[in-house]
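Structural overview
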Amino acid sequence: LKRSSAQATAIPLHSHSFPDNLQSQMIFQKLVIFSVVMMVTLCHAADCGPESLEHCNEEQKQQIFALWSKSLGSLSTQLEVMEENIKEVEDMYAQQIGASSGEKKETLLQEKNDRLYEVTGHGSYTMLKRIIQWKEKGLKAAGRATEL
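Thresholds applied
- Residues numbered from 1 in each chain as written.
- Predicted model: local features only at pLDDT ≥ 70, side-chain atom pairs only at ≥ 80, totals over all residues.
- Heavy atoms only, no water.
- Patch = residues over 30% accessible without salt bridge, like charges linked within 9 Å, V, L, I, M, F, W, Y side chains within 5 Å.
- Areas by Shrake-Rupley, 256 points an atom, 1.4 Å probe, with all protein chains shown as cover.
- Salt bridge = Lys/Arg side-chain N within 4 Å of Asp/Glu carboxyl O.
- Lys, Arg positive; Asp, Glu negative; His and termini not counted.
- Charge placed at Lys NZ, Arg CZ, Asp CG, Glu CD.
- Helix = DSSP H or I, 4+ residues; strand = E, 2+ residues; numbered from the N terminus.
- Phe/Tyr/Trp six-rings, centres within 6.5 Å; stacked < 30°, edge-to-face > 60°.
- Buried < 20%, exposed > 50% of the residue type's maximum accessible area, 1.4 Å probe, protein only.
- Disulfide = S-S within 2.5 Å.
- Axes fitted to C-alpha atoms, helices over the stretch in contact; angles between N-to-C directions.
- Parallel < 35°, antiparallel > 145°, perpendicular 65-115°, else oblique.
- Contact = heavy atoms within 4.5 Å.
- Nonpolar A, V, L, I, M, F, W, Y, C, P; charged D, E, K, R; others polar.
- Core = buried A, V, L, I, M, F, W, Y, C linked by side-chain atoms within 4.5 Å.
- Expected span 1.5 Å × (residues − 1).
- Bend = angle between axes of the 7 residues up to and from the residue.

1. With respect to a negative patch on the surface
Together, Glu80, Glu83, Glu84 and Glu88 make up a negatively charged patch on the protein surface. Looking at where Glu84 falls in the secondary structure, it is placed in helix H3 (residues 72-99).

Okay, here's the thing in structure tokens:
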């Protein structure tokens, strides 16, 4: 077997083979790419959910465990009911808010938000959706594993 004598070399940030304006564009592009990667990582990792319990407080963990213990069918039915209720509330307030102005509009928007909070299980709608997606992924993975 022959040994390769290739060596890795670092690419200099400034190179004399590129014009100055292209160098600054490349530096800016590298900075943008780095920033986007870091933002996506930080924003995604900070979310509480069934796949990232370490980012949840005790109340959220209890909510996840309670939903986790239910069947996928039961959770899907609960989600459908919530979505129907959300639609009803949005439809009910849409016309009223559109015809109102000023302080009345502000009051109606606040009432709508309060009502939406109630019909979504005091904010559990998003967590319910995450649990369902997580369980569906698990079922798909188990299905693929049995095919092997």
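2. Focus on the packing of aromatic side chains
Counted by the stated rule, this structure contains two aromatic pairs. Taking 5.5 Å as the distance between ring centres and 10° as the angle between the ring planes, the aromatic pair formed by Phe65 and Trp68 counts as stacked. Separated by three residues within a single helix, Phe65 and Trp68 lie in helix H2 (residues 58-68), roughly one turn from each other. Residue Phe65 is classed as partly exposed on the basis of its relative accessible area, which comes to 45%.

3. Remarks on the state of the cysteines
Should the sulfur atoms of two cysteines be covalently bonded, the bond is a disulfide. Under the criterion given, the structure shown has one disulfide. Cys48 shares a disulfide with Cys56; S-S distance 2.0 Å. Since a negative S-S torsion denotes a left-handed disulfide, the Cys48-Cys56 link at about 100° is right-handed. A residue is classified by how much of its surface remains accessible, and Cys56, at 10% relative accessible area, is buried.

4. Notes on the packing of H3 against helix H4 (residues 102-119)
It is at 10 Å that the axes of H3 and H4 come closest, and there the two elements cross at 175°. On the basis of their axis angle, the class for H3 and H4 is roughly antiparallel. Residue-level contacts link Met82, Asn85, Ile86, Val89, Glu90, Tyr93, Gln96 and Ile97 of H3 to Lys105, Leu108, Leu109, Glu111, Lys112, Arg115, Leu116 and Val119 of H4. Its residues assigned to classes, the contact of H3 with H4 shows nine nonpolar, two polar and five charged.

5. Overview of the nonpolar core
Within the largest apolar cluster, 19 residues are counted, with the highest numbers of intra-cluster contacts made by Ile64, Leu67, Leu75, Met127, Leu128 and Ile131. Broken down by secondary-structure element, the contributors of at least two residues to this core are H2, H3, H4 and helix H5 (125-147). Ranked by residues supplied to this core, first place goes to H3 with seven residues.

6. Details of the side chain of Thr120
With respect to the element layout, Thr120 can be found in the loop between H4 and H5. For Thr120, the residues in contact, after removing those within four places along its chain, are Met82, Ile86 and Tyr125.

7. Points about H3
The terminal C-alpha atoms of H3 lie 41 Å apart, and with 28 residues this matches the ideal 40 Å at 1.5 Å per residue to within 8%. At Tyr93, H3 is bent by approximately 30°, the largest bend along its length. The complete set of buried residues in H3 reads Leu75, Leu79, Met82, Ile86, Val89, Tyr93 and Ile97. Against the buried residues of H3 lie H2, H4 and H5.

8. Observations concerning the pattern of salt bridges
In total, this model carries four salt bridges according to the counting rule given. For Lys87, the salt bridge is made with Asp91, and the minimal N-O distance between the two is 3.0 Å. Of this pair, Lys87 and Asp91 are both found in helix H3, four residues apart, which corresponds to roughly one turn of the helix. The class for Asp91 is partly exposed, based on a relative accessible area of 46%. Across the salt bridge formed by Glu118 and Arg115, the nearest N and O atoms sit 3.1 Å from each other. Note that Glu118 and Arg115 are positioned in helix H4 at a spacing of three residues, about one turn of the helix. A relative accessible area of 45% places Glu118 in the partly exposed class. Using a relative accessible area of 34% as the deciding quantity, one classes Arg115 as partly exposed.

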